[in-house]
Amino acid sequence: MERKNELLICQLIQYGIDHQLIEQADAFWCANRIADLLLITLSPDFSCQRQPYESLYAILDQLIETGIRHGVITDSAIDRDILDTKLTGILTPAPSLVNRSFHSCYADSPKKATDWFYKLQKDVNYIRADRIEKDRKWLYEGQYGTLEITINLSKPELDPKSIAAMKRTGNVNYPYDLLCNQNVGFAGNAGHPSRMNLRQVPLTLQDEPWLLQYSPYAYFDQHCIVLTEEKRPMRIDRHAFACLLDFVDAFPHYFIGSNSDLPISGGSILGHEHFQAGAHVFAMNQAPVRHTIRFEGYPDIEAGIVEWPMSVIRLSGSDKEEMIHLATHILNSWQCYSDPENMIFDHLNQQLKSTITPIVHRYQDQYVMDLVLRNNLTTDAYPLGYFHPHPKLHHIKKENIGLIEVMGLAILPGRLQKEMEAVKDAVIHKKDLNENPLTAPHAAWVHQWRQEYNEIQEDHIDAIIQKEIGKVFEQVLVDCGIFRSLPAWERFLCYCHAALEP
């Protein structure tokens, strides 16, 4: 068994060398650290000989089994993740080396730098490519373009051992959140994931220190997080717009956007200011302008209402300061605007209700900024949010609609995998959906669309269910839209000292 462990150590070392994570001169240094971690006693004739290997995942799985046998960890999902991250953390270059390599690549081109950094984080398994591949994905051709649908299966479900360990751990105060730079190299515990293989590179936006890192469970190509080095709450304001534009100056091949800074109307991490960026082109990016807007005092900026289910104003121009100024004007106007007839209130109970989800990219020499109007009103009939997926859609999507989904990429809960299999079986075999707890929440929805198809065959059912889920997501975006008519838009634009072009 020890010989097999030595072989696995040599394979992991060889993987690191092949992927330029370490050099041959680092071999014994890394091997001894791996052996120490796994309580392996190396033989006197051990040498780091080149060994063929199947994949990084196969090596890690076998070394984790060694760790379980040696009592290093228990056989739980959390412990397995912590150990495999410690193993790849041994191969991960130090932050200072990563920073130097990133900026050396950046001197050639920004794209070369991000490509190198992204590959590094995949090679050390921080970006969990094997798990991301488990996500179910398809396209839906809808009224507003091609929407992307994902059932999120990449994040592992917690087993009973992991849940018990989390309860024993209790509150963890370090690192102080899931984003901060204290996470770099953190060993992990039951209450906080291991980040031994995480690296962040420093950026400067608006003369402030920021950090760039990639998302371990990427929802799109080169999905990254841009966060302030200082911990401060999310805030959409003039400074945020300026930072977004600074970023696309530095990385013109990426888009960048921010979730809103209010609960319900966006993302879940409001305590640490951050943006999301990447190389993906979303359906909203490709949506055309439906109506042109003329803003007084901004003749050089093109503006318009985007043909999109949510309420989006698109600004295009080459003057950075003018873009920032106009975006701030629209934000300030929106935060003071009320239209009770359309359930729009600027404040209720002295709490601000309106904000914006801004998204920026470059097109040639132009800045393009999409300003998505958001409002977190709740009512007795809509306790989770009025401009939020409505209750009849909660069987598919109940969670907040954040930046990624605003742009047309659905992130649906993993529970749907089992539930849709049960729905498929019930439809094919004509079972009563209300009799199974997996299908009962979907019964009314299935009844609604089953009438639209003649005889549903087994070889067609998957495509039908995917299409119907796509329709639900499109309606989710409609529910989150603020203005449901052109006159409602016109009243707001008048308040902004703007008007639609004839």
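The numbers attached to residues start from 1 for each chain and follow its sequence in the written order. The model is predicted, so local features are restricted to residues of pLDDT at least 70 and side-chain atom pairs to those at 80 or more, both for listing and for counting; the totals for chains, interfaces and linings are taken over all residues. Side-chain measures were taken over the full set of non-hydrogen atoms in the model, leaving aside hydrogen atoms and water.

**Q** What should I look at first to understand the environment of Leu-178 in this one?
**A** Along the chain, Leu-178 falls in the loop between α8 (160-169) and β3 (201-205). C-alpha separation for the pair Leu-178 and His-272, spaced 94 residues apart in sequence, amounts to 9.2 Å. It only takes one pair of heavy atoms within 4.5 Å for two residues to be counted as in contact. Setting aside anything within four residues of it in sequence, one finds Leu-178 in contact with Asn-183, His-192 and Pro-193. Per the convention used, a helix needs a DSSP run of H or I reaching at least four residues, while a strand needs a run of E reaching at least two, with both numbered from the N terminus.

**Q** In this structure, what is going on with the environment of Val-423? I would like to understand it.
**A** Along the chain, Val-423 falls in helix α13 (residues 415-428). On the accessibility criterion, Val-423 (0% relative accessible area) is buried. When the C-alpha atoms of Val-423 and Leu-403 are compared, they prove to be 30 Å apart, with 20 residues separating the residues in sequence. Filtering out sequence-adjacent residues up to four positions away, Val-423 remains in contact with Leu-433, Thr-439, His-442, Val-446 and Ile-465. We call a residue buried when its accessible area falls under 20% of the maximum for its residue type, exposed when it is over 50%, and partly exposed in between, using a 1.4 Å probe and counting protein chains only.

**Q** Can you help me understand the side chain of Ser-194 in this one?
**A** With respect to the helices and strands, Ser-194 occurs in the loop between α8 and β3. Under this definition, polar contacts are N or O atom pairs within 3.5 Å; protein pairs additionally need one hydrogen-donor-capable and one acceptor-capable atom, and for neighbouring residues in sequence, both atoms have to be side-chain atoms. At 2.9 Å, the side chain of Ser-194 forms a polar contact with the backbone oxygen of Ala-187. The contacts of Ser-194, once residues within four sequence positions are left out, are Ile-82, Thr-85, Phe-186, Ala-187 and Gly-188.

**Q** I keep staring at the packing of α13 against helix α14 (residues 443-450) and nothing clicks. Help me out?
**A** Helix packing geometry: the angle between the two helix axes and the distance between the axes. Axis definition: a line fit to C-alpha positions, over the contact stretch in the case of helices; interaxial angles, taken between N-to-C directions, run 0 to 180 degrees. Contact geometry of α13 with α14 gives a least axis separation of 12 Å together with a crossing angle of 50°. Considering the angle they form, α13 stands oblique to α14. For the element pair α13 and α14, the recorded crossing hand is right-handed. Residues Met-420, Val-423, Ala-426 and Val-427 of α13 form the contact with α14, whose participating residues are Trp-445, Val-446, Trp-449 and Arg-450. Here the contact of α13 with α14 is composed, by residue class, of seven nonpolar, no polar and one charged. Reported orientations rely on four angle classes, namely roughly parallel under 35 degrees, roughly antiparallel over 145, roughly perpendicular from 65 to 115, and oblique for the rest. Helix crossings fall into two classes, left-handed where the near helix is turned counterclockwise from the far one by less than a right angle and right-handed where it is turned clockwise. In this classification, Asp, Glu, Lys and Arg are treated as charged, Ala, Val, Leu, Ile, Met, Phe, Trp, Tyr, Cys and Pro as nonpolar, and every other residue, Gly included, as polar.

**Q** Looking at this structure, I do not really get the nonpolar core. What am I missing?
**A** Nonpolar side chains in soluble globular proteins tend to be buried together. Here, the term nonpolar core denotes a set of buried Ala, Val, Leu, Ile, Met, Phe, Trp, Tyr and Cys residues that are joined through side-chain atoms within 4.5 Å. With 99 residues, the main nonpolar core has Val-226, Phe-247, Phe-295, Leu-315, Phe-483 and Leu-493 as its most contacted residues. In this view, Val-226 contacts Leu-203, Leu-205, Trp-210, Leu-211, Leu-212, Phe-247, Ile-256, Glu-273, His-274, Phe-275 and Ala-277; residues no more than four positions away in its chain are not counted. Phe-255, Leu-416, Ala-426 and Leu-433 belong to the second largest nonpolar core, which has 51 residues in total.

**Q** Which parts of the structure should I look at to understand the pairing of strand β9 (residues 302-306)?
**A** Side-chain direction in a regular strand flips from residue to residue, so the side chains alternate between the two faces of the sheet. In terms of burial, β9 is a largely internal element, four of the five residues being buried. Two elements, strand β8 (residues 289-295) and β9, share four bridges in a ladder whose sense is antiparallel. Bridge assignment links His-291 to a residue of β9, and that residue is Ile-305. Only strands that DSSP links by at least two bridges are regarded as paired with each other. The hairpin formed by β8 and β9 contains six residues between the paired strands, and Gly-297 there has a positive phi angle of roughly 90°. For β9 and strand β10 (residues 312-317), the ladder comprises four bridges, and the chain directions are antiparallel. Bridged to Glu-302 within β10 is Ser-316.

**Q** It is not clear to me how helix α4 (residues 77-91) should be interpreted in this structure. Could you clarify?
**A** Given 3.6 residues to a turn, an α-helix orients residues that are three or four positions apart in the same direction. In this analysis, the expected span of each helix is defined as 1.5 Å times one less than the number of residues it contains. When the terminal C-alpha atoms of α4 are compared, their 22 Å separation across 15 residues agrees well with the 21 Å that a helix rising 1.5 Å per residue should span. Among the 15 residues in α4, eleven count as buried, and that is most of the element. If you check which residues of α4 are buried, you get Ile-78, Asp-81, Ile-82, Leu-83, Asp-84, Thr-85, Leu-87, Thr-88, Gly-89, Ile-90 and Leu-91.

**Q** Any chance you could explain the sheet that holds β3 here in plain terms?
**A** Where strands meet in a sheet, backbone hydrogen bonds hold them as pairs that are either parallel or antiparallel. Taken together, the eleven strands give an open sheet; going across it, the order is β3-β4-β5-β7-β6-β13-β14-β10-β9-β8-β16, and neighbouring strands pair in antiparallel fashion. The open sheet has two edge strands with one neighbour each: β3 and β16 (498-500). For this sheet the average axis-to-axis angle between neighbouring strands, irrespective of direction, equals 25°. Pairing analysis gives five bridges linking strand β4 (residues 208-214) to strand β5 (residues 224-228), with the strands arranged antiparallel. If you follow Tyr-214 over to β5, its bridge partner there is Cys-224. Along the sheet, helix α5 (residues 95-108) contacts β3 and β4; its crossing angle with β3, the most-contacted strand, is approximately 55°. Running at roughly 155° to β16, helix α16 (residues 486-495) makes contact with β8, β9, β10, β14 (366-375) and β16 of the sheet.

**Q** I would appreciate a short explanation of the packing of aromatic side chains in the present structure.
**A** Aromatic rings considered in pairs are described by the distance between their centres and by the relative angle of their planes. Centres within 6.5 Å are what make two rings of Phe, Tyr or Trp a pair, Trp counting through its six-membered ring; a difference in plane orientation under 30 degrees is then read as stacked, over 60 as edge-to-face, and the rest as tilted. In total, this model carries 28 aromatic pairs according to the counting rule given. Here the aromatic residues Phe-102, Tyr-106, Trp-116, Phe-117, Tyr-118, Tyr-214, Phe-247, Phe-251 and Tyr-254 are joined through ring pairs into a cluster of three or more. By definition, being over a ring means that NZ of Lys or CZ of Arg is both within 6 Å of the ring centre and within 35 degrees of the ring normal. Lying across the ring of Trp-29, Arg-33 places its NZ or CZ 4.6 Å from the centre. Here Arg-362 stacks its cationic end above the ring of Tyr-367, 4.7 Å away from the centre of that ring.

**Q** Would you take a moment to explain the pattern of salt bridges for this structure?
**A** It is possible for side chains bearing opposite charge to pair when their charged atoms get close. Salt bridges, as used here, are contacts in which a Lys or Arg side-chain nitrogen is within 4 Å of a carboxyl oxygen on Asp or Glu. Summed over all chains, the structure comprises 30 salt bridges. Asp-123 is paired through a salt bridge with Lys-119; the nearest N and O atoms lie 2.6 Å apart. With Asp-123 and Lys-119 both in helix α6 (residues 110-123), this residue pair falls four residues apart, about one helical turn. Salt bridges sharing common partners tie together Glu-208, Glu-230, Arg-232 and Glu-273.

**Q** Teacher, can you tell me more about the sheet that holds strand β15 (residues 409-412) here?
**A** Ordered in space as β1-β2-β15, the three strands form an open sheet in which the pairing is mixed. Edge strands, defined here as strands with exactly one partner in the open sheet, are β1 (136-142) and β15. Within this sheet the neighbouring strands show an average axis-to-axis angle of 20°, counted without direction. By the bridge criterion, seven bridges tie β1 to strand β2 (residues 145-151) in an arrangement that is antiparallel.

**Q** Which parts of the structure should I look at to understand unusual backbone geometry?
**A** For residues besides glycine, phi is generally negative; the peptide bonds are generally trans as well. With an omega dihedral of -10°, the bond running from Tyr-174 to Pro-175 counts as a cis peptide bond. Take Pro-175: it is sitting in the loop between α8 and β3. At Gln-20, a residue that is not glycine, the phi angle is positive and equals roughly 55°. Tracing the sequence through the fold places Gln-20 in the loop between α1 (2-18) and α2 (27-37). In this structure, His-497 takes a positive phi of about 60° despite not being glycine. Along the polypeptide, His-497 turns up in the loop between α16 and β16.

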